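Fold and geometry: a report
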Amino acid sequence: VGHVILTDLPDNLKLLERNCRANQLAMDAYTISALDWNHDDDVIMPTTRKIDVIVASDVFLPFVPHLLRPLCNTIYKLLLQQQDQHCNNNNHHKPRAIVCYEERFDCNDFFVRAQELGLVVERVPETFLHDVYRDVDRIKLVSLTL
């Protein structure tokens, strides 16, 4: 991995920074930026670098199910931005989002919204999960592309 962009709500950015320092990450290996799914009209990645993969882990939270659709909208907009950048660079590689989630509640709103937006959702086979973390009944992994 060349460079990682870590995002969260503004109030959580100091925690991200602390975690990066605790893991002794080089300062030029990451960028930390605020991202609020409820304000996806102004979603812009804080870099001019080409992004190949967007990773979202444990973002389907049962206490905020109303955020599933805004999360999907945000992923869609980020993929659109990256697709434009890839096309401008004459690179036909499609950027993708990988979403890992625990099935704790009905998260169908996310997938309905993905279909409405025309996103291609593919289930990642459980064999791609690490043996220690593989729990086929609870942990799911999907790939989204335009």
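See the structure printed just above.
The structure contained in this document is the topic of the report that follows.

Definitions and limits used
- Residues numbered from 1 in each chain as written.
- Predicted model: local features only at pLDDT ≥ 70, side-chain atom pairs only at ≥ 80, totals over all residues.
- Heavy atoms only, no water.
- Helix = DSSP H or I, 4+ residues; strand = E, 2+ residues; numbered from the N terminus.
- Buried < 20%, exposed > 50% of the residue type's maximum accessible area, 1.4 Å probe, protein only.
- Contact = heavy atoms within 4.5 Å.
- Areas by Shrake-Rupley, 256 points an atom, 1.4 Å probe, with all protein chains shown as cover.
- Pairing = 2+ DSSP bridges.
- Salt bridge = Lys/Arg side-chain N within 4 Å of Asp/Glu carboxyl O.

Turning next to the overall build of the protein chain. Within the protein chain one finds 3 helices and 6 strands. Reading the secondary structure of the protein chain in the N-to-C direction produces β-α-β-β-α-β-α-β-β. Relative to its full complement of 146 residues, the protein chain shows a buried share of 36%. Contacts in the protein chain between residues far apart in sequence, at least 24 positions, make up 74% of those at least 6 positions apart. Total accessible area computed for the protein chain in this model is approximately 9300 Å², and 51% of it derives from carbon and sulfur atoms.

Here the focus is the environment of D109. Relative to the assigned elements, D109 resides in helix α3 (residues 108-117). Judged by relative accessible area, which is 42%, D109 ranks as partly exposed. Separated by 37 residues in the primary sequence, D109 and C72 place their C-alpha atoms 9.1 Å from one another.

This part covers the pairing of strand β4 (residues 96-102). Relative to β4, strand β3 (residues 53-57) is paired through 5 bridges, and the arrangement is parallel. When the bridges of β4 are listed, V53 appears paired with R96. With 6 bridges connecting them, β4 and strand β6 (residues 139-145) associate as antiparallel partners. Bridge pairing in β6 places I98 opposite S143.

Once that is clear, we can look at the pattern of salt bridges. Inspection of every chain in the model, using the stated rule, returns 10 salt bridges. Across the salt bridge formed by R21 and E17, the nearest N and O atoms sit 3.6 Å from each other. A residue pair is termed a helical-turn pair when its members lie 3 or 4 positions apart in one helix, as R21 and E17 do in helix α1 (residues 13-22) at 4 residues. A relative accessible area of 51% places R21 in the exposed class. The class for E17 is partly exposed, based on a relative accessible area of 21%. One salt bridge connects R123 with E126, and the closest N-O pair in it is separated by 2.6 Å. Among the residues examined, R123 registers a relative accessible area of 45% and is labelled partly exposed. Residues participating in the shared-partner salt-bridge network are D58, E102, R104, D135 and R138.

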